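Per-entry structural report
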Amino acid sequence: MRRLQPSGASALRAALAAALRLSEHSRYLLRLHAVLLVSVGRSCYEVAAWLGADPRSVERWVHAFQTSDIAGLHDHHHGGRKSRLTHQQLDELAMVLCQAPQVQGYDRPHWSGKLVARHIRLRYRVELSQRQCQRLVGPRKVDSDPSSTAALCRSPSEP
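In this text, all values refer to a predicted model and were calculated from it rather than measured experimentally.

**A short note on the overall build of the protein chain**
When its secondary structure is counted, the protein chain shows seven helices and zero strands. Order of helices (α) and strands (β) in the protein chain, N terminus to C terminus: α-α-α-α-α-α-α. Every one of the 159 residues in the protein chain was classed for burial, and the buried ones make up 33%. Nonlocal contacts in the protein chain, meaning residues at least 24 apart in sequence, comprise 46% of its contacts between residues at least 6 apart.

Set out below in structure tokens:
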């Protein structure tokens, strides 16, 4: 059987990785999958490379599973101030930020902190500072295809 090679594999990989990190449920499934792969004999480095995670994170997930069973793989509150946006609003905003601003009716080519603050103010009636919104946008990646939504998405971060 011939090996399948989808066109635009790097953009597809980036979009899938971003989608996996959008919700608490998908992050939990990613961790569960990583622990399962380690349990059948794969190394943390190998699993991390496959899943686009850091090897140290995979080690922490395995340790969390060993000490707390499946409950150790769920997201936990890590301190800090409570967000003024709900989890549902943050998930929705993450999806919006993976699209070009033109999709939301803005005339800018890329999301900026100022534009995100404006969008949040208009959509959710919540005031956030420009700096807070810059953190939500994260660093932009340069892609050979500027119309690619993967180029506009935040780089996958540690869950």
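**Looking at the packing of helix H5 (residues 87–97) against helix H6 (residues 113–124)**
At a closest axis distance of 12 Å, the pairing of H5 and H6 adopts a crossing angle of 135 degrees. On the basis of their axis angle, the class for H5 and H6 is oblique. Relative to H6, the crossing made by H5 is right-handed. Residues Gln 89, Glu 92, Leu 93, Val 96 and Leu 97 of H5 lie in contact with H6, whose contacting residues are Val 116, His 119, Ile 120, Arg 123 and Tyr 124. Taken together, the residues that form the contact of H5 with H6 break down as six nonpolar, two polar and two charged.

**So, H5**
Along H5, the positions that sit buried rather than exposed are Leu 93, Ala 94, Val 96 and Leu 97. What you see down the axis of H5 is that its buried residues fit within an arc of 160 degrees, all on one side. The exposed set on the far side of H5, more than 90 degrees from its buried face, consists of His 87 and Gln 88. Packing partners of the buried residues in H5 comprise H6 and helix H7 (130–137).

**Observations regarding the packing of aromatic side chains**
Evaluation of the coordinates by the stated rule reveals one aromatic pair. Summarising the aromatic geometry, the rings of Tyr 106 and Trp 111 are spaced 5.7 Å apart at their centres and angled 75 degrees between planes, so their arrangement reads as edge-to-face. The exposure classification of Tyr 106 matches that of Trp 111, with both residues buried.

Parameters at a glance
- Residues numbered from 1 in each chain as written.
- Predicted model: local features only at pLDDT ≥ 70, side-chain atom pairs only at ≥ 80, totals over all residues.
- Heavy atoms only, no water.
- Helix = DSSP H or I, 4+ residues; strand = E, 2+ residues; numbered from the N terminus.
- Buried < 20%, exposed > 50% of the residue type's maximum accessible area, 1.4 Å probe, protein only.
- Contact = heavy atoms within 4.5 Å.
- Axes fitted to C-alpha atoms, helices over the stretch in contact; angles between N-to-C directions.
- Parallel < 35°, antiparallel > 145°, perpendicular 65-115°, else oblique.
- Left-handed = near helix turned anticlockwise from the far one by under 90°.
- Nonpolar A, V, L, I, M, F, W, Y, C, P; charged D, E, K, R; others polar.
- Arc of directions from axis to C-beta.
- Phe/Tyr/Trp six-rings, centres within 6.5 Å; stacked < 30°, edge-to-face > 60°.

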